[in-house]
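Residues per chain are reported as follows:
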Amino acid sequence: MTRKLSRRHFLGTMLVAGGSALLAACRRGEATPTPAPSAGTPAAGMQFEGVEVNVITFTGPQIAEPLQRRAPEFQKLTGAKINVITVPFADLYQKILTDFTTGTNSYHVVVFAPQWMADYVEPGYLEDLTPRIEADPALQWNDIGPFFRNFSATYGGRIYTIPLDGDFQMVYYRTDLLEAEGLKPPETWEDYLAIAQKFHGKDLNGDGVPDFGSGIAKRRGAQSYWMFWSIAASFLQSQGTQQGAFFDVDTMEPLTMNEAFERALEIYKETGKYGPPDELNWDVGDSRAAFVTGRCALTLDWGDIGTLAIDPEQSKVKDKVGAVILPGTKEVLDRKAGKLVACDQNTCPHAINGVNHAPYAAFGGWSGAINKNAPAKVKDAGYAFLSYMSQPAQANVDVTIGKTGFNPYRISQFENIDLWVKAGMSEAAAKNYLGAIEASLNSPNMVLDLRIPGAQRYQGVVLDTVLSRYLAGELTTKQAMEELTKGWNEITDELGREKQKQAYRASLSIR
């Protein structure tokens, strides 16, 4: 029987992340916006003829590629010209914020990380999309998974973004290599290290050159800090999603000065022993290319590997790739003592086979929003374009193409195995890939990404800098913990500890 992500499970997943105020909270009496054109149906009278929309996102090809590819077809349907502007990921947050704060408003649509939403919504820079979505049956909003609707798209009970992508980090492994050695996929991070050590230095793709046991993106300014937190998460959170993995929910003290965080740092650094010598310069493009060309036995990434592995232009590992929920740990943090303690039914109530897993919803999935200060007709066209990109006719194709960087986020994308088989996956590979995401989505111990004011500073600046210096040998483990804790506390105190605590608790739906 085909394994499906049941609608009951998927619709029940992560109610904690979104609270109760969704479309029921829509304002009444507002002007009804122009609906987005249905996929494949020309808009009546080319309603956006002569309208230009500037869309900003990060330099791809991931994420930018489908926007650029579909822009001309959208123009044929509606008349709107879509200009896709790309900047390096390290610059994207600030580019958008500066454009908003200076009143330049040169970007009409922003495709960005939902964790930055607080910094864009609270000052009033983003359009409330709730009434538009309510009036847009072509979007099939209820087909979008509840986690992505309720958490990635929603802030304060209002909808500000349209999801284009679904993001969970997983571990990928070479099924042929593990099967040949009689090994199981890694359940713990210690398993990950042991498997990486086993295959490191061996020729894994038959080209006569020694390859690597592990390959993880670790470059500063290139999304790498999310990989580290995928390791740390299972050590820090064990009591369920509302426990949180970044701060103590009562004091806003960072969970970064304890034995659990120390162990996570050590594991993160140890993976480098079994990686390429230039791993500190690798971004996700490098790690993905290395894995799908057969140069790594293991990697840590979002859902992109699953579809890149079937790309006939670059993959050498088709039908040789497995995906698994993030490995966990048999020891977790005792927050009062700051010590690691063994997993039991009290310390790890959600453990599987004695292992605490904490799948990390890193990033939250690329999403599109509208600049509130854009001209009205431009906003209409910009919304129509985002809706078009997310509608099933387009999205259900784009999530199966590796180069897009779009990963599944609609319920139909999980339920219809045929989409993936048609794209080139074997049925077994599709079930494995979607099953690993399913296990993450359905975990009661899912870790939500940080989404509070200043999130980019906490992670994209302070954490990213500390990790870079730590991996380069400039900081000891203790110094890295101290510097990170100090930096995070400074941000919290600057922005207001009580305000930040309330924002953090609200992000976890703690009342």
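In short, a report on the structure.

Rules of the game
Residues numbered from 1 in each chain as written. Predicted model: local features only at pLDDT ≥ 70, side-chain atom pairs only at ≥ 80, totals over all residues. Heavy atoms only, no water. Disulfide = S-S within 2.5 Å. Buried < 20%, exposed > 50% of the residue type's maximum accessible area, 1.4 Å probe, protein only. Pairing = 2+ DSSP bridges. Helix = DSSP H or I, 4+ residues; strand = E, 2+ residues; numbered from the N terminus. Contact = heavy atoms within 4.5 Å. Axes fitted to C-alpha atoms, helices over the stretch in contact; angles between N-to-C directions. Polar contact = N/O pair within 3.5 Å; in protein donor to acceptor, adjacent residues only side chain to side chain.

Quick look at the state of the cysteines now. According to the stated counting rule, one finds one disulfide in the structure shown. At a sulfur-sulfur separation of 2.0 Å, the disulfide partner of Cys-343 is Cys-348. In this structure the cystine formed by Cys-343 and Cys-348 twists about its S-S bond by roughly -70°; its chirality is therefore left-handed. The buried category is assigned to Cys-348, whose relative accessible area is 3%.

The subject of this paragraph is the sheet that holds strand β6 (residues 162-163). Here five strands make up an open sheet; going across it, the order is β2-β1-β3-β14-β6 and the pairing mixed. The open sheet is flanked by β2 (81-87) and β6, the only strands paired with a single partner. Along the sheet face, helix α3 (residues 64-78) touches β1 (52-58), β2 and β3 (109-112) and points at about 165° away from the line of β2. Across the face of the sheet, helix α4 (residues 89-101) comes into contact with β1, β2 and β3 while running at roughly 140° to β1.

A few words now on unusual backbone geometry. Both trends apply: most residues other than glycine have a negative phi, and most peptide bonds are in trans. The omega torsion across Gly-60 and Pro-61 is 20°, close enough to zero to call that bond cis. The backbone of Asn-105 shows a phi angle near 55°, a positive value even though the residue is not glycine. Positive phi, normally seen in glycine, also occurs at Asp-319, with a value near 60°.

Here we take up helix α12 (residues 284-292). Taken together, the buried positions of α12 are Val-284, Ser-287, Arg-288, Ala-290, Phe-291 and Val-292. Close packing links the buried residues of α12 with β7 (170-174), β8 (212-215), α10 (225-236), β9 (296-301), α13 (304-308) and β10 (321-325). Capping the start of α12, Asp-283 holds a side-chain oxygen 3.0 Å from the backbone nitrogen of Gly-285, two or three residues further along. Gly-294 lies just past α12 and shows a positive phi near 85°.

Purely spatial values, then, with no claim about function.
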